[in-house]
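# Survey of secondary and tertiary structure
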Amino acid sequence: MYFRIQYFNMLNRRKFISGSALGSVGLLLGKEVHSASIQGAPDSPIVVSTWDVGLDANRAAWEVLSRGGIALDAVEQGVRITEDSLNCCVGLGGNPDRDGFVTLDACIMDAHGNCGSVAFLERIKHPISVARRVMEKTPHVMLVGIGAQQFALEEGFKLESGTLSEDAQRAYEQWLEKSNYRPPEKNIENKKQHGPFAPTRLANGDWNHDTIGMLALDQQRNLSGSCTTSGAGFKMRGRVGDSPLIGSGLYVDNEVGACTATGQGEEIIRIAGAHLVVEFMRSGLTPEQSCKKAIERFVKLRTNKLAELQVCFLAIDRAGNFGGYSLRPGFTYAVRSRHEEKIYKSTSWFDS
Ligand code: ASP
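A short tour of the structure in this document, coming up. (Residues numbered from 1 in each chain as written. Predicted model: local features only at pLDDT ≥ 70, side-chain atom pairs only at ≥ 80, totals over all residues. Heavy atoms only, no water.)

Let us now look at the overall build of the protein chain. Scanning the protein chain for helices and strands turns up 10 helices and 14 strands. Here the protein chain, with 352 residues, has 60% of them falling under the buried criterion. Carbon together with sulfur atoms contributes 52% to the accessible area of the protein chain, which is approximately 14000 Å² in total. (Helix = DSSP H or I, 4+ residues; strand = E, 2+ residues; numbered from the N terminus. Buried < 20%, exposed > 50% of the residue type's maximum accessible area, 1.4 Å probe, protein only. Areas by Shrake-Rupley, 256 points an atom, 1.4 Å probe, with all protein chains shown as cover.)

Here you go:
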């Protein structure tokens, strides 16, 4: 329960931050924030990604797409920006698990059904690039924990310090106090060996979001997707959410479209969310209708549990139409194409 409440608070805070960020983005771009009920026009290349931070990530992806690059490179390069950013919960800047360790999940999928994934990965800065190496250099789809870290090191990734930022440390201490949780002794010892805390990386001490999912359609009309996260803050040690799970946090079918998810991972896994949305698109629904239908499926399954939850989907079809839908208000996504660079505010089940 502590986990649910904490997670819900985090989403609320995120919603608040999204709200203020939207104002400034609108001003910056001289554009208004639009409702997701306006479907994106068919277009290529195009890149879409979750939350306001998607705007910066899209810019990096657009660099690749606008010079004729492939969608797979675009979705990797794009979310690396967010993993690098000190101002959000994706990557090593994220909130730790309840024993004080940041553990990362990510996956990537291309137009040909190739996919790679890492979960419970510690002290590696770019889980998305490790996921891509899993896809390209191993016979497997998914590596986890110490094995994923070992593979990353063999591939030349650097082992980072593993210290928490000052803000993550502060948030963690507050959480420890409230939750009355005491990590096992051996984890406290282990944690001490990681040395002093890293310098502050947040200007305002707030989190912006926890996951970025990105979908791109390149000039050759091939789709790819990526998803990367530090997962739910103060989760149980070893917990893995939807984000690294092909079919839950991300799915790509080049004949139909692609989808990525964000929100409470346990709930998204329950309905194999991203795959479900793609299957709805296969049946002829638009991306937004498909996301909505998946949320309705979820609502039916969890009618009595909706109060503390958020689940959000973002989808794109082969023609470049895009749309999103969420359980409760507050979900935003960013779009970049030849015609627009914009943040959309998703409609939600609670709105309707
Ligand atoms: N879906 C992510 C997870 O459950 C978290 C998020 O999207 O905020 O790990």
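On we go from here.
Attention now moves to the site of the ligand. In the neighbourhood of the ligand, 13 residues make up the surrounding shell, with Thr211, Arg239, Asp242, Thr262 and Gly263 lying closest. Separating an oxygen atom of the ligand from a side-chain N or O atom of Arg239 is a distance of 2.8 Å. In this structure, Thr262 approaches the ligand through a side-chain N or O atom, which is 2.6 Å from an oxygen atom. Mapped onto the shell around the ligand, the elements with two or more residues apiece are helix H1 (2-29) and strand S9 (257-263). Residues belonging to the shell around the ligand are distributed by class as follows: 2 nonpolar, 7 polar and 4 charged. (Near = heavy atom within 4 Å. Polar contact = N/O pair within 3.5 Å; in protein donor to acceptor, adjacent residues only side chain to side chain. Nonpolar A, V, L, I, M, F, W, Y, C, P; charged D, E, K, R; others polar.)

Relative to the helices and strands, Glu76 is located in helix H3 (residues 71-84). Owing to a relative accessible area of 10%, Glu76 belongs among the buried residues under this scheme. The residues touching Glu76, leaving out its near neighbours within four places in the chain, are Ile108, Ile128, Ser129 and Arg132. (Contact = heavy atoms within 4.5 Å.)

Now for the sheet that holds strand S10 (residues 311-317). Taking strand neighbours across the sheet as the criterion, the 5 strands line up as S8-S9-S10-S11-S14 in an open arrangement whose pairing is mixed. The two strands at the open ends of the sheet, each matched to only one other strand, are strand S8 (250-253) and strand S14 (347-348). Sitting on the sheet, helix H10 (residues 287-301) touches S10, strand S11 (322-326) and S14, and the angle it makes with S11 is about 20°. (Pairing = 2+ DSSP bridges. Axes fitted to C-alpha atoms, helices over the stretch in contact; angles between N-to-C directions.)

Most of strand S7 (residues 223-229) sits inside the fold, with 7 of its 7 residues counted as buried. On S7, burial covers both faces: Leu223, Gly225, Cys227 and Thr229 on one face and Ser224, Ser226 and Thr228 on the other are all buried. The pairing of strand S6 (residues 211-217) with S7 spans 7 bridges and is antiparallel. What sits directly across from Met214, in S7, is Ser226. Hairpin connection from S6 to S7: 5 residues lie between these consecutive antiparallel strands, with Arg221 at a positive phi of about 65°.

Once that is clear, we can look at the pattern of salt bridges. Following the criterion strictly, the structure yields 19 salt bridges and no others. A salt bridge links Glu341 to Arg59; the nearest nitrogen and oxygen atoms lie 2.7 Å apart. In this pair, Glu341 sits in strand S13 (residues 341-345) while Arg59 sits in helix H2 (residues 54-66), placing the two residues 282 residues apart along the sequence. Judged by its relative accessible area of 14%, Glu341 falls in the buried class. (Salt bridge = Lys/Arg side-chain N within 4 Å of Asp/Glu carboxyl O.)

Here we come to a nonpolar patch on the surface. Taken together, the side chains of Val141, Met142 and Val144 define a hydrophobic patch exposed on the protein surface, amounting to about 230 Å² of accessible area. Turning to its location among the elements, Met142 is positioned in strand S5 (residues 142-144). (Patch = residues over 30% accessible without salt bridge, like charges linked within 9 Å, V, L, I, M, F, W, Y side chains within 5 Å.)

Once that is clear, we can look at H3. One full turn of an α-helix is made of 3.6 residues, so residues set three or four places apart face in the same direction. The end-to-end C-alpha separation of H3 is 20 Å, in line with the 20 Å expected for 14 residues at 1.5 Å each. Here the buried face of H3 lies against H2, strand S3 (104-109), helix H4 (127-137), S6 and S7. (Expected span 1.5 Å × (residues − 1).)

What follows is about the pairing of strand S12 (residues 332-337). Most of S12 is tucked away: 6 of the 6 residues are buried. Two elements, strand S2 (residues 46-50) and S12, share 5 bridges in a ladder whose sense is antiparallel. By the bridge assignment, Ile46 is partnered in S12 with Ser337. In this structure, S12 lies alongside S13, joined through 5 bridges in antiparallel fashion. Each residue of the ladder has a partner; that of Ala334, found in S13, is Ile343. In sequence, S12 turns back onto S13 through a hairpin of 3 residues.

Worth remembering: the numbers are spatial, not functional.
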